[in-house]
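In case you want the letters, here they are:
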Amino acid sequence: MTNAFSTLVEFKTLLNEMPDSDMQAAAEASDHNSQLTKPPGALGQLEDLAIWYAGWRGHTTPQITAPQVIVFAANHGVATLGVSAFPPEVTTQMVANFEHGGAAINQLSKLFGAKMDVYPIDLDTPTADFTQGPALTPEELIAALQTGWNAVDRSCDLLVVGEMGIGNTTSASAISAALFGEDADTWTGRGTGVDGAALKTKTDVVKAGLRHHADVTDPLEILRCLGGRELAAMVGAIAAARQNRIPVILDGFICCAAAAVLHEAQNGALDHTVAGHQSAETAHKILLKKLRKVPLLSLGMRLGEGSGAALAIGILKGAIACHSGMATFAQAGVSQE
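Residues numbered from 1 in each chain as written. Predicted model: local features only at pLDDT ≥ 70, side-chain atom pairs only at ≥ 80, totals over all residues. Heavy atoms only, no water.

Colleague: Would you explain the overall build of the protein chain in this entry?
Modeller: A count of helical and extended segments in the protein chain gives 15 helices and five strands. The globule rule puts the C-alpha radius of gyration for 337 residues at 20 Å, and the 20 Å found for the protein chain is close to it. Seen through its principal axes, the protein chain has C-alpha atoms that stretch 70 × 40 × 40 Å. Counting every position in the protein chain, which comprises 337 residues, the buried fraction comes to 55%. Accessible surface computed for the protein chain: about 13,500 Å², of which carbon and sulfur atoms make up 51%. Averaging the positions of the 22 positive and the 34 negative side-chain charges in the protein chain gives two centres separated by 4 Å. (Helix = DSSP H or I, 4+ residues; strand = E, 2+ residues; numbered from the N terminus. Rg over C-alpha atoms; globule rule 2.2 N^0.38 Å. Buried < 20%, exposed > 50% of the residue type's maximum accessible area, 1.4 Å probe, protein only. Areas by Shrake-Rupley, 256 points an atom, 1.4 Å probe, with all protein chains shown as cover. Lys, Arg positive; Asp, Glu negative; His and termini not counted. Charge placed at Lys NZ, Arg CZ, Asp CG, Glu CD.)

Structure follows, in structure tokens:
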């Protein structure tokens, strides 16, 4: 596939030219919803979700038949600084688990009929330690954005992006702090389960990264300096979905930190997304408020992999099944009086 962009300037231009929802289709879907055999508003958020989805798909009564789940994996230089309860080797081991169908995300993807793809990105080449310099070179950032952009199946009708990368909650915390302010303690949580001295170490690493890159304000440069290849790939994939009017379900804290880069880079860049869930990572609740997203689920999950968002595919499918499958009052011969 030919790359749609080769520089950050070209990527930013694409973001500025992204299509909007089909307002006519959304209006027609809203009218259709008002005629279904139920009291007005009886399906609550499901009604809003169906109308939102119809607008992005450009169809009054759409179907969800081809969801895609993509898991991006990469390694982080800061993983060697004691920020995780697991060693960096676990990233590669989990990629093998994904590829053999043994992870939670495999089960959830299969359950909801989603095609699942795994993209390990240069696992043998971790990002640089962001406490000492930029995590990625400009060329590495572009390559990761392109990986995400090209990974999206243009025939899919719903997208979930997930991640795997030991140390990536550290990057997500640093990115969130750099984008939205507040201190590192607010944004840094337990991640894989660190506590006590290990959590302090993780927080100190985030603080060191923020100090080192204190003069960086451009959202995509923040991603380059503090992020990772899998976060950049998620940015590229979410943008590609918007380009093709494919609705996206956002996952947990790491996914939302990647999405936040788009949110800050271009007004309305996340209009085609919904938040699948609120994770147990404390900062995720704060981040969702910054993104102005209300989570569909809150189950105390903190696995990553796209698992919370994949579970929410069922919610979207339920919304569309009711919207597109229910009879209208006229079809059912039911009085509206």
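This is not the end of the story, as more comes after the structure.
Colleague: Just checking my understanding: could you explain the pairing of strand β3 (residues 158-164) for this structure?
Modeller: The side chains of a regular strand alternate, residue by residue, between the two faces of the sheet. With seven of seven residues buried, β3 is to be regarded as a mostly interior element. Both faces of β3 are covered, namely the face carrying L158, V160, G162 and M164 and the face carrying L159, V161 and E163. When strand β1 (residues 67-73) meets β3, the two strands line up parallel, connected through seven bridges. From the neighbouring strand, F72 faces β3, where its bridge partner is E163. Of the pairings in the sheet, the one linking β3 to strand β4 (residues 248-250) comprises two bridges and is parallel in character. The residue bridging L159 from the neighbouring strand is V248, located in β4. (Pairing = 2+ DSSP bridges.)

Colleague: How do you make sense of the side chain of H323 when you look at a structure like this?
Modeller: You can see H323 is positioned in helix α14 (residues 307-325). A polar atom in the side chain of H323 sits 2.8 Å from the backbone oxygen of T60. Ignoring any residue separated from it by four or fewer positions in sequence, one finds H323 in contact with A29, H32, N33, L36, A50, T60, T61 and P62. (Polar contact = N/O pair within 3.5 Å; in protein donor to acceptor, adjacent residues only side chain to side chain. Contact = heavy atoms within 4.5 Å.)

Colleague: Can you walk me through unusual backbone geometry in this structure?
Modeller: Note: most residues except glycine have negative phi, and most peptide bonds are trans. The phi angle at D122 is positive, at roughly 50 degrees, despite the residue not being glycine. When you line up the elements, D122 lands in the loop between β2 (115-120) and α6 (138-151).

Colleague: Looking at this structure, I do not really get the environment of D31. What am I missing?
Modeller: Turning to its location among the elements, D31 is positioned in helix α2 (residues 23-34). For the pair D31 and D122, spaced 91 residues apart in sequence, the C-alpha separation works out to 49 Å.

Colleague: Can you walk me through the packing of aromatic side chains in this structure?
Modeller: Within the structure shown, the criterion is met by four aromatic pairs. Taking 5.6 Å as the distance between ring centres and 85 degrees as the angle between the ring planes, the aromatic pair formed by F5 and W149 counts as edge-to-face. One end of the pair, F5, is in the segment before α1 (8-16); the other, W149, is in helix α6, and 144 residues separate them in sequence. An identical accessibility class is assigned to F5 and W149; each is buried. Site record: aromatic cluster; members linked through ring pairs are F5, F11 and W149. (Phe/Tyr/Trp six-rings, centres within 6.5 Å; stacked < 30°, edge-to-face > 60°.)

Colleague: Mind showing me how you'd approach the sheet that holds β2 here?
Modeller: Backbone hydrogen bonds hold the strands of a sheet together, and the pairing may be parallel or antiparallel. Pairing is parallel in the open sheet, where five strands are placed in the order β2-β1-β3-β4-β5. With partners counted over all chains shown, the strands left at the sheet margins are β2 and β5 (273-275), one partner each. On average, adjacent strands in this sheet sit at an angle of 25 degrees to one another, irrespective of strand direction. Docked against the sheet, helix α11 (residues 229-243) engages β1, β3, β4 and β5, running at close to 175 degrees with respect to β3. (Axes fitted to C-alpha atoms, helices over the stretch in contact; angles between N-to-C directions.)

Colleague: Please explain the packing of α6 against helix α10 (residues 219-226) as it appears in this structure.
Modeller: A pair of packed helices can be characterised by two numbers: the angle between their axes and the separation between those axes. Across the interface, α6 lies against α10 with an axial gap of 10 Å and an inter-helix angle of 105 degrees. Comparing their axes, α10 and α6 come out roughly perpendicular. On α10, the residues that touch P138, L141 and L145 of α6 are L220, L223 and R224. A breakdown of the residues in the contact of α6 with α10 according to their chemical character gives five nonpolar, no polar and one charged. (Parallel < 35°, antiparallel > 145°, perpendicular 65-115°, else oblique. Nonpolar A, V, L, I, M, F, W, Y, C, P; charged D, E, K, R; others polar.)

Colleague: Looking at this model, I keep getting lost on the pattern of salt bridges. Mind explaining?
Modeller: Close approach of charged atoms allows side chains with opposite charge to pair. Applying the stated criterion across every chain yields a total of eleven salt bridges. Its salt-bridge partner being K115, residue D153 comes within 3.1 Å of it at the nearest N-O pair. With a gap of 38 residues between them, D153 in the loop between α6 and β3 and K115 in strand β2 connect regions that are remote in the sequence. Take D153: its relative accessible area is 24%, and that puts it in the partly exposed class. Among the residues examined, K115 registers a relative accessible area of 41% and is labelled partly exposed. Measuring nitrogen to oxygen at the nearest pair gives 3.1 Å for the salt bridge that ties E221 to R224. (Salt bridge = Lys/Arg side-chain N within 4 Å of Asp/Glu carboxyl O.)

Colleague: Teacher, can you tell me more about the UniProt feature "active site" (unreviewed entry) in the protein chain here?
Modeller: Look at the UniProt record and you will see "active site" (unreviewed entry) annotated at E305. Note on E305: relative accessible area 4%, which makes it buried. Within the structure, E305 has its side chain in polar contact with the backbone nitrogen of I105 (distance 3.3 Å). (UniProt positions renumbered as here; feature names shortened; annotations may be inferred.)

Colleague: In this structure, what is going on with α2? I would like to understand it.
Modeller: Counting along an α-helix, one turn takes 3.6 residues, and residues three or four places apart therefore face a common direction. Between its first and last C-alpha, α2 extends 17 Å over twelve residues, near the 16 Å set by a 1.5 Å rise per residue. Residues A25, A26, A29, H32 and N33 constitute the buried set of α2. End-on view of α2: buried residues confined to an arc of 120 degrees, all on one side of the axis. More than 90 degrees from the buried face of α2, the exposed residues found are M23 and Q24. In this structure, the buried side of α2 is in contact with α3 (45-57) and α14. The N-capping residue of α2, defined by a side-chain oxygen 3.1 Å from the backbone nitrogen of Q24, is D22. (Expected span 1.5 Å × (residues − 1). Arc of directions from axis to C-beta.)

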